[in-house]
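What follows is each chain in one-letter form.
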Amino acid sequence: MLALLLLSIIISSSATSGRSAIKSTSMTMNQQHQHQRDAAAYQDFVSSAVDFSGCYVRNGFVTATRSVRDIDTNSRRSFVYNIPLISPSLAAPPMELSAKIKARIPSPSGNKLAVLVEESIPSDIEGKGQDTKRHVMEIWTNKGHQLAKRIVLPSTIHGPVCTDFAWFGGISWSPDETALVYSAEVNKPKTASYFAASSKENDKEDDETIVGGQYTLGVGKKEDWGEKYGTTALLALFCLNVSTGKIGAVENVPACTNTASQTTDGNHVLGQPIFSPCGQAVVYTGWDAGGGGEMPRRLGAIYCYHRPCQIYSSPVSQLLKTLEIDTTEDEDETVADDNFVCITPNDRLSRSPRFSSPSDGVAKLAYLSHTKGFDTHNGCMALHTSDWCMSKGSVVDGSKKVVVDVVTLPGERGDGELISGLKFPGLFFNQLSDKCFSPDGKFILTSSQWGSVVRVVSISLDDGSVKPLSFDMRDGNNRNDAEPSQQFLCFTDDGGAIVTQSECNYPTMLGSLPSSFLTDAKGGISSQVLAELPSAATSSFSPSSAGPCFKAGSGFSYKIMNILPEHGDVKVDVSSILLLPDDAGNEKLPLIVIPHGGPHSATPTSFVPSYGYLCQHGKYAVLHVNFRGSTGFGQAALESLAGNAGTQDVLDVVAATRAAIDTGAIDPERVGICGGSHGGFLAAHLSGQHPDLFKVASMRNPCINIASMVT
């Protein structure tokens with residue numbers, strides 16, 4: 001690890017540490033034992049991490065998937081937990097989720113469960129030279145106990161189903177639970193070499209084949225969305241009838257992206273699909289991929305939340321009727337659905353559509369939006385709503401409402417309540433939860449970054465007020481110095497909420513809030529811990545003499561430090577998180593300063609095992625700096641970095657570092673800087689501009705040579 005190398009350099013190069021450098025190249029027995037203890041401690045920290053996903057409540061049980069690192073194979077394993085809400089202590093042991101299972105989507109009633117499976121078909125079965133993969137949609141009924149149907153998703157219709165539910169992907173049930181809508185990759189056109197012999201038996205196929213196009217961008221070669229999305233180029237929408245197993249493309253969409261008979265260039269990428277509560281339409285997000293005039297090239301999507309996108313609605317009543325028919329005899333006589341409608345024509349950025357339950361013939365459609373858009377990688381989003389007419393299956397004209405607008409400076413909105421010393425900075429999150437509306441439809445619950453923490457907030461759809469929920473799953477509400485980060489996952493059947501809580505020195509806990517939590521939002525809310533999950537071994541290496549090294553809540557502490565810098569035009573606090581080992585005594589500690597990458601992201605007060613390991617086991621102070629340009633501090637502070645990178649952010653980190661030194665716990669002669677991406681860029685600038693302060697630097701994929709990065 002580069003960070004560990006940095007630490008050894010700090011120790012060995014420190015003039016005041018009193019430790020001599022190793023003179024012999026051979027490893028002593030004591031060194032071997034020390035390395036074993038180091039490795040065992042690191043495994044203990046990593047094994048304690050808890051990462052939840054795919055959480056939902058059905059039939060009185062909370063189902064959540066925990067992801068665990070497997071260091072031996074450099075992969076991740078997933079375990080499914082089913083926890084009864086009434087008696088959490090009676091939860092059954094977790095079950096490992098096969099790597100073949102890519103998604104588990106419960107139906108609205110909880111009676112059905114759609115499971116997307118990726119299968120590998122041996123070459124001797126397919127009759128091909130190599131194994132092939134296929135996607136199968138399994139439909140489980142009887143509250144998920146009976147496998148009722150397995151539907152193969154033919155590769156002739158579309159490519160792989162997109163399971164990136166954090167951004168492009170989405171699978172949604174229809175309200176009557178007869179159909180699913182999902183996004184999948186569009187197949188490339190058929191291509192052939194100029195030298196390939198044509199076959200008279202396949203004249204029709206030859207007519208559709210583009211000769212010489214196998215290496216042409218937009219034909220045989222797809223333009224993808226970059227890092228992490230190297231296999232995502234062009235996504236379209238498809239509906240699946242779970243009874244007949246028939247699949248149909250949603251063709252009344254922008255630029256008709258579902259057919260790529262000639263090209264995969266241009267067009268729109270369609271994702272995040274959901275059925276409207278009336279079942280007559282699907283609503284989805286469409287990213288401009290060359291078809292809308294905003295994005296001539298598909299630039300990277302990872303950590304880039306400013307790519308132009310809008311929300312659309314496509315009627316699908318006729319398509320669903322076609323899929324209900326087992327035969328294909330009368331399909332040519334079916335009536336086509338009406339054309340699509342752009343719901344957000346005046347907004348540059350709109351995404352994450354979500355519906356409330358209908359009432360009096362109307363449902364609420366909520367989504368994130370930014371009318372003007374922003375050029376920075378990320379930014380503050382507004383919350384908009386529109387009324388959805390159940391009888392017409394469309395948005396009610398003139399019903400658009402800005403519930404929470406973009407916040408330029410903290411405190412422009414809200415009642416002035418302080419969280420970590422900061423007034424409401426605006427909404428900073430990427431997607432709304434699948435079921436974000438309260439049962440009465442009056443509130444939306446979400447998790448939003450608020451300075452250096454993430455908090456659960458309730459948003460009133462009536463007056464747009466934003467209230468942070470006050471609860472603490474550790475020792476009630478009596479820890480005045482606690483600054484935990486919390487997440488809202490979903491609602492329970494009785495209107496309660498499933499939440500998580502994490503701190504720098506405490507792994508994620510799963511808990512619940514009572515059904516009265518929205519009315520008790522002004523005071524402390526009682527919470528129940530559903531699960532404090534034990535550690536899960538991440539490696540086969542575990543010396544028998546090594547006992548547990550990490551105990552949640554002990555070994556090191558943390559605090560948030562806010563300073564108002566003198567430099568820069570936008571006067572917003574620079575926030576940092578300082579981690580300190582408990583047993584340092586009077587010894588001044590070496591400090592590792594870690595500015596985050598992005599640059600438009602932030603480091604919250606969540607448990608990260610590597611940083612806890614460096615602090616508690618390595619006896620280093622660790623400082624995370626959320627410089628201006630970070631998310632969670634208002635749009636003005638974020639945009640102030642543009643044109644000032646290498647100056648303003650550098651001075652912010654310097655100011656935060658000097659504030660940490662001024663606490664008296666830090667040895668100013670043993671300060672190092674470590675970072676990746678933009679954090680690596682800052683590490684390079686800080687070590688170059690301020691060598692007297694930062695004695696050593698470790699940089700991971702730093703952005704310091706633009707010329708070499710051009711492709």
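Calculation criteria
Residues numbered from 1 in each chain as written. Predicted model: local features only at pLDDT ≥ 70, side-chain atom pairs only at ≥ 80, totals over all residues. Heavy atoms only, no water. Helix = DSSP H or I, 4+ residues; strand = E, 2+ residues; numbered from the N terminus. Buried < 20%, exposed > 50% of the residue type's maximum accessible area, 1.4 Å probe, protein only. Contact = heavy atoms within 4.5 Å. Areas by Shrake-Rupley, 256 points an atom, 1.4 Å probe, with all protein chains shown as cover. Phe/Tyr/Trp six-rings, centres within 6.5 Å; stacked < 30°, edge-to-face > 60°. Core = buried A, V, L, I, M, F, W, Y, C linked by side-chain atoms within 4.5 Å. Axes fitted to C-alpha atoms, helices over the stretch in contact; angles between N-to-C directions. Parallel < 35°, antiparallel > 145°, perpendicular 65-115°, else oblique. Left-handed = near helix turned anticlockwise from the far one by under 90°. Nonpolar A, V, L, I, M, F, W, Y, C, P; charged D, E, K, R; others polar. Polar contact = N/O pair within 3.5 Å; in protein donor to acceptor, adjacent residues only side chain to side chain. pLDDT = per-residue confidence, 0-100. Salt bridge = Lys/Arg side-chain N within 4 Å of Asp/Glu carboxyl O. Pairing = 2+ DSSP bridges.

Caption draft 1: Expanded view of the overall build of the chain. A count of helices and strands for the chain gives ten helices and 36 strands. Residues classed as buried in the chain amount to 51% of the 711 residues present. Nonlocal contacts in the chain, meaning residues at least 24 apart in sequence, comprise 62% of its contacts between residues at least 6 apart. In the structure as shown, the chain presents an accessible area of about 32200 Å², 50% of it carried by carbon and sulfur atoms.

Caption draft 2: Summary view of the packing of aromatic side chains. Applying the stated criterion to the full structure yields 14 aromatic pairs. Judged by centre distance (4.8 Å) and plane angle (70°), the rings of Phe168 and Trp287 are edge-to-face. Remark: Trp287 occurs in strand 16 (residues 281-288) and Phe168 occurs in the loop between strand 8 (146-153) and strand 9 (171-173); sequence separation between them is 119 residues. As far as the burial class goes, Phe168 and Trp287 line up, both buried. Aromatic rings pair up to connect Trp167, Phe168, Trp225, Tyr229, Trp287 and Tyr305 into one cluster.

Caption draft 3: Spatial organisation of the nonpolar core. If you look at the biggest cluster of nonpolar residues, it comprises 87 residues, and the most contacted ones within it are Met137, Leu153, Phe168, Ile171, Leu180, Tyr182 and Leu383. In this structure, Phe168 is in contact with Cys162, Ser183, Trp225, Tyr229, Thr232, Leu235, Val269, Gly271, Gln272, Trp287 and Ala301, ignoring residues within four places of it in sequence.

Caption draft 4: Geometry of the packing of helix 2 (residues 29-48) against helix 6 (residues 609-617). In the contact formed by helix 2 and helix 6, the axes pass within 9 Å of each other and the chain directions differ by 135°. One way to sum up the angle between helix 2 and helix 6 is to call them oblique. Here helix 2 runs over helix 6; the crossing is right-handed. Listed contacts from helix 6 to Gln34, Arg37, Asp38, Ala41, Tyr42, Phe45 and Val46 of helix 2 are Pro609, Ser610, Gly612, Tyr613, Gln616 and His617. Class assignment for the residues of the contact of helix 2 with helix 6 results in six nonpolar, five polar and two charged.

Caption draft 5: The arrangement of the side chain of Thr508 in detail. One can find Thr508 in strand 29 (residues 506-513). Since its relative accessible area comes to 17%, Thr508 is described here as buried. Within polar-contact distance, the side chain of Thr508 engages the backbone oxygen of Val50 at 3.2 Å. Residues within four places of Thr508 in sequence aside, it is in contact with Val50, Phe52, Thr500, Gln501 and Ser502.

Caption draft 6: Structural detail: the confidence of the model for the chain. Averaged over the chain, the pLDDT score is 86; the fraction of residues at 70 or greater is 88%. Element-level pLDDT for the chain is lowest in helix 1 (residues 2-13), with a mean of 44, against a maximum mean of 97 in strand 34 (residues 621-626). Confidence drops under a pLDDT of 50 for residues 1-25, and excluding neighbours within four residues, the segment shows 33 contacts in the predicted structure. Confidence drops under a pLDDT of 50 for residues 257-261, and excluding neighbours within four residues, the segment shows 19 contacts in the predicted structure.

Caption draft 7: A look at the environment of Arg628. Mapped onto the elements of the fold, Arg628 is located in the loop between strand 34 and helix 7 (635-639). Overall, Arg628 belongs to the buried group, its relative accessible area being 2%. Setting aside residues no more than four positions away along its own chain, Arg628 makes contact with Pro565, His567, Gly568, Val570, Val572, Val574, Ala637, Ser640, Leu641, Gln648 and Asp652. Of note is the side chain of Arg628, whose polar atom sits 2.8 Å from the backbone oxygen of Val570. Polar side-chain contacts of Arg628 include one of 2.8 Å to the side chain of Asp652.

Caption draft 8: Seen up close, the pattern of salt bridges. The tally for this structure, following the rule as stated, stands at 18 salt bridges. A salt bridge links Glu503 to Arg474; the shortest N-O distance between them is 2.9 Å. Pair noted here: Glu503 is in strand 28 (residues 497-503) and Arg474 is in the loop between strand 26 (466-468) and strand 27 (485-491), with a separation of 29 residues, a long-range link. Owing to a relative accessible area of 14%, Arg474 belongs among the buried residues under this scheme. Sharing partners across several salt bridges, the network here consists of Glu119, Arg134, Glu138 and Arg150.

Caption draft 9: Region of the structure containing the sheet that holds strand 26. Spatially, 24-25-26 is the arrangement adopted by the three strands of the open sheet, whose pairing is antiparallel. Edge positions in the sheet fall to strand 24 (443-450) and strand 26, since each has one partner strand and no second. Going from strand to strand, the sheet's axes swing by 35° on average, the running direction of each strand aside.

Caption draft 10: Local environment of unusual backbone geometry. The amide bond that connects Gly598 to the next residue, Pro599, takes the cis arrangement and shows omega of 0°. Relative to the assigned elements, Pro599 resides in the loop between strand 33 (589-595) and helix 6. Positive phi is not limited to glycine here, since Glu177 has a value of about 65°. Within the fold, Glu177 resides in the loop between strand 9 and strand 10 (179-185). Classification of Glu177 as buried rests on a relative accessible area of 9%. Despite not being glycine, Gln272 shows a phi value in the positive range, around 50°. Looking at where Gln272 falls in the secondary structure, it is placed in strand 15 (residues 268-275).

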